[in-house]
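So you can see what is in the structure, the chains are spelled out below.
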Amino acid sequence: MGIYLNSLSAHTLYRNEMRKPYFVDKTAMLEELFPLIREGSNYICVTRPRRFGKTVIANMISSFFGKGADSHEIFDRLSIADAKEYREYLNQWNVIHISFNEMPDPCENYSQYIQRIRKRLVRDLETVYGQSRMDENDAVWDILSEIYETTGGEKFIFVLDEWDYIFHQILPGKRIKKRFSCS
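Draft legend 1. Up close: the nonpolar core. If you look at the biggest cluster of nonpolar residues, it comprises 24 residues, and the most contacted ones within it are Leu30, Phe64, Phe65, Phe75 and Ile80. Per-element tally for this core: the top contributor is helix H3 (residues 54-65), with six residues. In this structure Phe64 touches Leu30, Phe34, Phe75, Ile80, Tyr86, Tyr89, Leu90 and Asn91, once residues within four positions along its chain are discounted. Judged by nonpolar contacts, the second largest core, of 18 residues, contains Leu5, Ile98, Cys107 and Leu144.

Below is the structure:
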């Protein structure tokens, strides 16, 4: 378990969410993902208006599929437990969950911010897959390809939450272009 790879954070956040008095069970959505995960190489974008639960869904997906924590305590009581393939998918996948709204103080530009995420992800991968050759300058895609080859097919699910957040932030190194002016 690491910061991004099979992190406990999503599990903890989803568990806390489901304990709230007005929790709505949306786990039936997970069964819709089973064929896509089985096939691999799929991209899914869950879009909804602000404040409509995208982060809760991202945490649910990470907690359900991820190997970071045993999620039986959470999902055995929810509607997904009735799915035929429930046990086949619960906690069986490596999940890389990155929430882009966690803007650290020392980052002064986007390049530093993305590099920080990359370094932490590579550190997570090295911790779990130390037998694969990794160089700090390798692209993450190359590292994941190497892991896939050396492990006989280890796959990853990426959950990217708040991906648009960084576009709305003004970092010291970002210049704002004027689109129009009033004269």
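Next comes the rest of the account.
Draft legend 2. The packing of aromatic side chains, seen in detail. This model, assessed by the stated rule, comprises 11 aromatic pairs. Between Tyr14 and Phe75 the ring centres are 5.5 Å apart and the planes differ by 10°, which places this aromatic pair in the stacked class. One end of the pair, Tyr14, is in helix H1 (residues 8-18); the other, Phe75, is in helix H4 (residues 72-75), with 61 residues separating them in the sequence. According to the relative accessible area criterion, Phe75 is buried, its value standing at 0%. Clustering of aromatic rings is evident, with ring pairs tying together Tyr14, Phe23, Phe34, Phe64, Phe65, Phe75, Tyr86, Tyr89 and Trp93.

Draft legend 3. The arrangement of a nonpolar patch on the surface in detail. There is a patch of nonpolar side chains on the surface, built from Phe158, Leu160 and Trp163 and spanning about 330 Å² of accessible area. Looking at the secondary structure, you find Leu160 in strand E2 (residues 156-161).

Draft legend 4. Representation of the environment of Ala69. Along the chain, Ala69 turns up in the loop between H3 and H4. Using a relative accessible area of 16% as the deciding quantity, one classes Ala69 as buried. Along the chain, Ala69 and Leu8 lie 61 residues apart, while their C-alpha atoms are 6.4 Å from each other. Residues within four places of Ala69 in sequence aside, it is in contact with Leu8, His11 and Asn91.

Draft legend 5. Looking closely at the packing of H1 against H3. Contact pair H1 / H3: the axes reach a minimum separation of 8 Å and the direction vectors enclose 120°. Judged by the angle between their axes, H1 and H3 are oblique. As for how H1 packs across H3, the hand of that crossing is left-handed. For the pair formed by H1 and H3, the contact residues are Ala10, His11, Leu13, Tyr14 and Glu17 on the first element and Val56, Asn59, Met60, Ser62 and Ser63 on the second. Grouping the constituent residues of the contact of H1 with H3 by class yields five nonpolar, four polar and one charged.

Draft legend 6. How the structure looks around helix H2 (residues 28-39). Listed as buried for H2 are Leu30, Leu33, Phe34 and Ile37. The buried residues of H2 occupy one face: seen down the axis, they fall within an arc of 135°. Projecting away from the buried face of H2 at angles above 90 degrees are the exposed residues Glu32 and Glu39. In the stretch just after H2, Gly40 is the one whose phi turns positive, near 80°.

Draft legend 7. Region of the structure containing unusual backbone geometry. In this structure, Asn6 is a non-glycine residue whose phi angle is positive, near 50°. As for its position among the elements, Asn6 is in the segment before H1. We classify Asn6 as buried; its relative accessible area is 8%. Residue Asn91 is not a glycine yet carries a positive backbone phi of 55°. Take Asn91: it is sitting in the loop between helix H5 (86-89) and strand E1 (94-99). A residue is classified by how much of its surface remains accessible, and Asn91, at 14% relative accessible area, is buried.

Procedures and definitions
Residues numbered from 1 in each chain as written. Predicted model: local features only at pLDDT ≥ 70, side-chain atom pairs only at ≥ 80, totals over all residues. Heavy atoms only, no water. Core = buried A, V, L, I, M, F, W, Y, C linked by side-chain atoms within 4.5 Å. Buried < 20%, exposed > 50% of the residue type's maximum accessible area, 1.4 Å probe, protein only. Helix = DSSP H or I, 4+ residues; strand = E, 2+ residues; numbered from the N terminus. Contact = heavy atoms within 4.5 Å. Phe/Tyr/Trp six-rings, centres within 6.5 Å; stacked < 30°, edge-to-face > 60°. Patch = residues over 30% accessible without salt bridge, like charges linked within 9 Å, V, L, I, M, F, W, Y side chains within 5 Å. Areas by Shrake-Rupley, 256 points an atom, 1.4 Å probe, with all protein chains shown as cover. Salt bridge = Lys/Arg side-chain N within 4 Å of Asp/Glu carboxyl O. Axes fitted to C-alpha atoms, helices over the stretch in contact; angles between N-to-C directions. Parallel < 35°, antiparallel > 145°, perpendicular 65-115°, else oblique. Left-handed = near helix turned anticlockwise from the far one by under 90°. Nonpolar A, V, L, I, M, F, W, Y, C, P; charged D, E, K, R; others polar. Arc of directions from axis to C-beta.

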